[in-house]
Amino acid sequence: MKNIVIFGAPGSGKGTQSDLLVEKYGFKHISTGDVLRAEIKNETELGKTAKQFIDNGQLVPDSLIIDILAATYDALGQCEGVIFDGFPRTIPQAEALKAMLAERGTAVSAMLELQVPTEMLVERLVNRGKTSGRADDNEETIRKRLDVYESQTSPLISWYETEGLRNAVKGYGTLQEINDALCAIIDKL
Ligand code: B4P
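Residues numbered from 1 in each chain as written. Predicted model: local features only at pLDDT ≥ 70, side-chain atom pairs only at ≥ 80, totals over all residues. Heavy atoms only, no water.

Any chance you could break down the sheet that holds strand 1 (residues 2-8) for me, citing the residues and the numbers?
Strand order in the open sheet formed by five strands is 2-3-1-4-5, and the pairing between neighbours is parallel. Sheet topology places strand 2 (28-31) and strand 5 (166-170) at the edges, where each strand pairs with a single neighbour. Taking each pair of neighbouring strands and ignoring which way they run, the sheet shows an average axis angle of 20 degrees. Pairing between strand 2 and strand 3 (residues 81-85): four bridges, direction parallel. Its bridge partner being in strand 3, serine 31 is matched across the sheet by aspartate 85. (Pairing = 2+ DSSP bridges. Helix = DSSP H or I, 4+ residues; strand = E, 2+ residues; numbered from the N terminus. Axes fitted to C-alpha atoms, helices over the stretch in contact; angles between N-to-C directions.)

Explain the pattern of salt bridges residue by residue, including any values.
Oppositely charged side chains can form a pair if their charged atoms are brought close together. Throughout the structure, instances matching the rule amount to 15 salt bridges. Glutamate 45 is the salt-bridge partner of lysine 48, the closest N and O atoms lying 3.5 Å from each other. Placement of the pair is lysine 48 and glutamate 45 together in helix 3 (residues 45-54), with a separation of three residues, close to one helical turn. Residue classification places lysine 48 among the partly exposed residues on the basis of a relative accessible area of 46%. Residue glutamate 103 is joined to arginine 104 by a salt bridge in which the shortest nitrogen-to-oxygen separation is 3.5 Å. The exposure class assigned to glutamate 103 is exposed, which follows from its relative accessible area of 65%. Linked through salt bridges whose partners overlap, the residues forming this network are Arg128, Arg134, Asp136, Asp137 and Arg145. (Salt bridge = Lys/Arg side-chain N within 4 Å of Asp/Glu carboxyl O. Buried < 20%, exposed > 50% of the residue type's maximum accessible area, 1.4 Å probe, protein only.)

Account for the packing of helix 2 (residues 32-41) against helix 4 (residues 62-74), naming residues and giving values.
At a closest axis distance of 11 Å, the pairing of helix 2 and helix 4 adopts a crossing angle of 100 degrees. With respect to helix 4, the element helix 2 is oriented roughly perpendicular. On helix 4, the residues that touch Thr32, Val35 and Leu36 of helix 2 are Ile65, Ile68, Leu69 and Thr72. Counted by class, the contact of helix 2 with helix 4 contains five nonpolar, two polar and no charged residues. (Parallel < 35°, antiparallel > 145°, perpendicular 65-115°, else oblique. Contact = heavy atoms within 4.5 Å. Nonpolar A, V, L, I, M, F, W, Y, C, P; charged D, E, K, R; others polar.)

Describe in detail the pairing of strand 3, supporting the description with residues and values.
Where burial is concerned, most of strand 3 is hidden: five out of the five residues are buried. Covered by surrounding structure in strand 3 are Gly81, Ile83 and Asp85 together with Val82 and Phe84, the residues of both alternating faces. With five bridges joining them, strand 1 and strand 3 adopt parallel strand pairing. Each bridged residue has a counterpart across the sheet, and for isoleucine 4 the counterpart in strand 3 is isoleucine 83.

Describe the side chain of aspartate 85, with residues and values.
You can see aspartate 85 is positioned in strand 3. Lysine 14 is the oppositely charged side chain nearest to the buried, salt-bridge-free aspartate 85, at an N-O distance of 5.2 Å. There is a polar contact of 2.9 Å between the side chain of aspartate 85 and the side chain of histidine 29. Those residues in contact with aspartate 85 that sit more than four places away from it in its chain are Ile6, Lys14, Gly15, Ser18, His29, Ile30, Ser31 and Thr32. (Lys, Arg positive; Asp, Glu negative; His and termini not counted. Polar contact = N/O pair within 3.5 Å; in protein donor to acceptor, adjacent residues only side chain to side chain.)

The quantities given are spatial measurements derived from coordinates; they are silent on function.
This is how it looks when you write it as structure tokens:
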């Protein structure tokens, strides 16, 4: 079973490419952003807490997200593979993922990093905001999210490099070109 981490800044196309990979390989998909948005919609206690962080462009605290991740993973059952989209976003989350998978006798197979220039990210997310209805897709919050990415999430690039799992891909161009580059890596796993 493959455990694939799809990694990149907000708006790098993690969700978009995950959908294409699910279609091609039949993998299951865990998007922590989607999980949190569902909690917000259902007005759970977790959703109420998460909303305050998300609307402000900040990350939800590690302790909240790590527990949810394990429960979501266990609920998937047997499958060919899992795509982790938007998780991990901090080094403690990466360490927790490693430990959680090790407890289940498995490990991350590869980290796929989508590289996109910052101004392109802003443009994509401002455009998404016109139809997504997401409170965090406005320019001010987008820039905050990108700062949070730089300070808290980008250190994971060298963390995964050290683990020997990092694979960087150009994250702009057509969806198909990007998808082909990701599939070439997955096919070698
Ligand atoms: P997420 O839901 O993970 O969303 P994202 O990073 O904003 O977007 P993604 O990279 O998936 O981009 P997409 O494919 O949609 O996170 C939202 C929030 O939840 C976070 O800010 C945080 O607060 C919280 N959260 C989530 N996980 C967490 C965690 N682990 N710990 C703590 N907090 C957490 O693409 C963006 C746009 O670009 C789309 O409109 C798409 O159509 C377009 N696009 C994609 N590929 C393109 C291409 N090749 N060319 C042109 N446009 C493209």
